[in-house]
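Inside the fold
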Amino acid sequence: VAYRGVSVFTSLLPFLEQETLHSQWVFNDPMNNVNKGPASNSAVVLPIYVCPSDEISANPQPIPNRNWTYAIGSYGGNGGARSFFPSSSTADGVYHTTGEASEPKPFQRPVRLAEIIDGTSQTIHFGERSHTDRNYKSFTDQGWGDPLHSLGWWAASTSRRMVGHVTMSAYVPINYRLPFDFGQRANQNPPATSFAEFDKYSDMRVCAYGSNHPGGANFNFIDGSTRFLTSQTEQSVLVAISTRSGSELAADNVNAN
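My aim in this report is to walk through the structure given alongside it, one point at a time. (Residues numbered from 1 in each chain as written. Predicted model: local features only at pLDDT ≥ 70, side-chain atom pairs only at ≥ 80, totals over all residues. Heavy atoms only, no water.)

**Overview of the pairing of strand β3 (residues 75–78)**
Note the threshold: The rule for pairing is simple: two strands pair if DSSP sees at least two bridges between them. Each helix is a run of DSSP H or I of at least 4 residues and each strand a run of E of at least 2, with the numbering of both proceeding from the N terminus.
The pairing of β3 with strand β4 (residues 124–128) spans 3 bridges and is antiparallel. When the bridges of β4 are listed, Y75 appears paired with E128. Here 2 bridges tie β3 to strand β5 (residues 167–168), and the two strands are oriented parallel to one another. If you follow G77 over to β5, its bridge partner there is T167.

**Re the pairing of strand β7 (residues 226–230)**
The following threshold applies: Type-normalised accessible area, obtained with a 1.4 Å probe on protein chains alone, sets the label of each residue: buried when under 20%, exposed when over 50%, and partly exposed for intermediate values.
Summarising burial for β7: 4 of the 5 residues are buried, a large majority. Note: strand β6 (residues 216–221) against β7, 5 bridges, orientation antiparallel. Each residue of the ladder has a partner; that of G216, found in β7, is T230. The hairpin turn running from β6 into β7, its antiparallel successor, is 4 residues long, and G224 in that turn takes a positive phi close to 95°.

**Topic: the nonpolar core**
Selection rule: The nonpolar core is taken to be a set of buried Ala, Val, Leu, Ile, Met, Phe, Trp, Tyr and Cys residues, with the residues joined through side-chain atoms within 4.5 Å. Two residues form a contact once any of their heavy atoms are found within 4.5 Å.
The biggest cluster of nonpolar side chains holds 42 residues, and the ones touching the most others in it are F139, W154, L178, F198 and Y201. If you tally residues by element for this core, the top one is helix α5 (residues 195–207), at 4 residues. Sequence-distant contacts of L178, that is, excluding residues within four places in its chain, are made with D133, N135, Y136, F139, F198, Y201 and R205. M168, A170, I174 and I241 belong to the second-largest nonpolar core, a separate cluster that totals 11 residues.

**What about the sheet that holds β6?**
Spatial strand order, β5-β3-β4-β6-β7: 5 strands in an open sheet with mixed pairing. The open sheet has two free edges, formed respectively by β5 and β7, since each of these has just one partner strand.

**Remarks on empty space enclosed by the protein**
Empty space among the atoms can be located by rolling a probe the size of a water molecule over them. Spelled out, the test is: Residues are called lining when one of their atoms sits within 4 Å of a cavity or pocket point, these points coming from a 1 Å grid over the protein atoms alone, where a cavity is a set in which a 1.4 Å probe fits but cannot get out and a pocket is an open set with protein on both sides within 12 Å along at least five of seven lines. Grid points are joined across faces, edges and corners, and a volume is the space filled by probe spheres set on the points. For this classification, Asp, Glu, Lys and Arg are treated as charged, while Ala, Val, Leu, Ile, Met, Phe, Trp, Tyr, Cys and Pro are nonpolar and the rest, including Gly, are polar.
On inspection of all chains with the given rule, the structure shows 1 cavity of 30 Å³ or more. The space that makes up the largest cavity amounts to roughly 60 Å³. Around the largest cavity, the lining residues are G79, R82, S83, P86, S89, A91, Y95, H96, T97, E103, V163 and T167. Within the lining of the largest cavity, the residues separate by chemical class into 4 nonpolar, 6 polar and 2 charged.

**So, the pattern of salt bridges**
Threshold: In the sections that follow, a salt bridge refers to a side-chain nitrogen of Lys or Arg positioned within 4 Å of a carboxyl oxygen of Asp or Glu.
Tallied over the entire structure, the rule returns 6 salt bridges. R112 serves as the salt-bridge partner of E115, at 3.8 Å between the closest nitrogen and oxygen. Of the charged contacts, one joins D141 and K137 as a salt bridge, the two residues approaching to 3.1 Å between their closest N and O atoms. We classify K137 as partly exposed; its relative accessible area is 46%.

**Some words on the layout of surface pockets**
Computed from the structure, the largest pocket encloses a volume of approximately 330 Å³. Around the largest pocket, the lining is made up of 15 residues, and of these I48, Y49, Y75, F126 and N220 lie nearest the centre. Of all the elements in the fold, those that place two or more residues in the lining of the largest pocket are β4 and β6. Its residues assigned to classes, the lining of the largest pocket shows 9 nonpolar, 5 polar and 1 charged.

Okay, here's the thing in structure tokens:
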């Protein structure tokens with residue numbers, strides 16, 4: 001994942017019968033992929049990146065007050081123990097920002113296969129994202145946080161926040177939903193009575209793997225296997241299979257179907 005450019009999903013285009021789109025991609029000036037409105041490279045909806053059960057209100061999504069248009073996807077790369085906010089991320093998964101402006105440390109580099117020492121069958125590659133959360137929507141309806149329907153740009157670029165579009169993490173349980181609505185914000189511990197206080201909860205929701213499938217979500221592992229992990233997967237196990245070099249032996253404990 002690059003800071004202002006190539007996302008993990010862009011690199012996969014030639015393997016998804018999208019050679020033409022890949023050949024048109026402007027790698028040396030990424031903003032030229034997003035600034036042509038509906039004709040932008042980033043506006044191309046790729047069905048393979050969208051789960052039929054996901055609730056995406058409109059796809060692609062125009063960005064207000066900009067000539068940017070982004071197609072939304074239902075999957076994100078493994079960002080480790082925590083993927084968002086960028087300055088608080090752990091960069092211990094498979095994908096994170098890279099280069100001079102990377103976070104949490106500058107000059108981070110891409111992860112090599114040899115660095116996934118926990119094993120390819122015990123490390124998540126991708127996971128599902130759910131765009132459904134009524135409580136969270138009650139906040140974004142008030143202008144607090146980014147609407148979920150606009151999250152998940154597969155061709156994310158433009159700012160440090162883009163990593164939240166293309167990665168998720170084990171910061172919260174699978175299928176985490178905001179446990180309270182806007183009207184209950186003052187009764188929480190910690191409280192969420194201001195936009196700044198709500199940011200803590202917003203970051204948790206942006207990090208969350210999830211789906212609209214009953215009971216869990218689908219994950220792809222580095223070895224190419226696909227597993228359905230249940231919402232009851234222990235948090236310690238989710239962290240173990242999200243970090244690339246923690247030396248945990250978690251594969252036999254994954255609550256999967």
